[in-house]
Amino acid sequence: LDMGNNVEAEIVRENLLPREMVRLGDRVTGILCAINDGRKGPLLEISRTHKNMLIELFKMEVPEISEDVIQIKTAARDPGSRAKMAVKTNDGRIDPIGACVGQNGVRVQAVTHELSGERIDIIPWSMNPKDFIVESLKPAKISGIDINETEKRAKVYVNQDQRALAIGKGGQNVRL
């Protein structure tokens, strides 16, 4: 990639979204992952799959995030397919999920479009692990949770009819 001012960057196939093609002259939005020594000086390594790419795109689209009114507490991605992002605010007058989605979904759709149709679930952040797990596995209905704080593991119980919904296609919901 030509960054201008005699600066070059590279984006390797693993750092592109699945099925994404980049052609000569295309504009590429990515996040800086590393600075390596190149033949002509520093070589920047760019990624479109890193979880921080999702966070930075939301910072650009949602002024409340860039102004620190809303915080992105964590994010997880299956690049090109699906992502989950937990948000919170200290201002009770602001709905952090609604602000990230935007009127008629315009904000989240802009990020989804930049990420080649990646579906994004925005969930409320909770310091309580049980509440956070329940929110992250919605729309599945959780019947019970056992949390092992020392191992940082949780066993989640669901009724048989909710099992596929909780696990997700290919285990994607549970992984995220």
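Residues numbered from 1 in each chain as written. Predicted model: local features only at pLDDT ≥ 70, side-chain atom pairs only at ≥ 80, totals over all residues. Heavy atoms only, no water.

1. Some points on the environment of L176
Then step 1. Note that L176 resides in the segment after α7 (172–175).
Then step 2. Along the backbone, L176 and L137 are 39 residues apart, and their C-alpha atoms lie at a distance of 9.2 Å. (Helix = DSSP H or I, 4+ residues; strand = E, 2+ residues; numbered from the N terminus.)

2. Digging into the pattern of salt bridges
Then step 1. In the structure shown here, the tally under the stated rule is 12 salt bridges.
Then step 2. Note that R27 and E114 form a salt bridge whose closest N and O atoms lie 3.5 Å from each other. Separated by 87 residues along the polypeptide, R27 in the loop between β2 (7–10) and β3 (31–38) and E114 in helix α4 (residues 106–114) bring together distant segments of the chain.
Then step 3. A relative accessible area of 67% places R27 in the exposed class. (Salt bridge = Lys/Arg side-chain N within 4 Å of Asp/Glu carboxyl O. Buried < 20%, exposed > 50% of the residue type's maximum accessible area, 1.4 Å probe, protein only.)

3. With respect to the side chain of S47
Then step 1. Within the secondary structure, S47 is located in strand β4 (residues 41–47).
Then step 2. By relative accessible area, S47 is classed as buried at 1%.
Then step 3. Reaching out from S47, the side chain makes a polar contact with the backbone nitrogen of T49 at a distance of 3.1 Å.
Then step 4. Excluding residues within four positions of it along the chain, S47 makes contact with I11, N15, G30, I31, C33 and M53. (Polar contact = N/O pair within 3.5 Å; in protein donor to acceptor, adjacent residues only side chain to side chain. Contact = heavy atoms within 4.5 Å.)

4. Structural notes on the environment of A9
Then step 1. Position of A9 relative to the elements: it lies in strand β2.
Then step 2. Each C-alpha atom of the pair A9 and Q162 lies 46 Å from the other, and the pair is 153 residues apart in sequence.
Then step 3. Other than its neighbours up to four places away in sequence, A9 contacts L1, M3, L43, L44 and I46.

5. A closer look at the nonpolar core
Then step 1. By size, the foremost hydrophobic cluster in this structure holds 22 residues, and its most contacted members are L54, F58, M85, I120 and I122.
Then step 2. Elements represented by at least two residues in this core include exactly α1 (51–61), β5 (70–78), β6 (82–89), α3 (96–101), α4 and β7 (119–124).
Then step 3. Broken down by element, this core gets its largest block of residues, 5 residues, from α1.
Then step 4. Discounting residues that sit within four places of it in the chain, M85 has contacts with L54, F58, I72, T74, A75, C100, D121, I122 and I123.
Then step 5. Grouped together as the second largest cluster of nonpolar side chains are 5 residues, I11, L16, L44 and I46 included. (Core = buried A, V, L, I, M, F, W, Y, C linked by side-chain atoms within 4.5 Å.)

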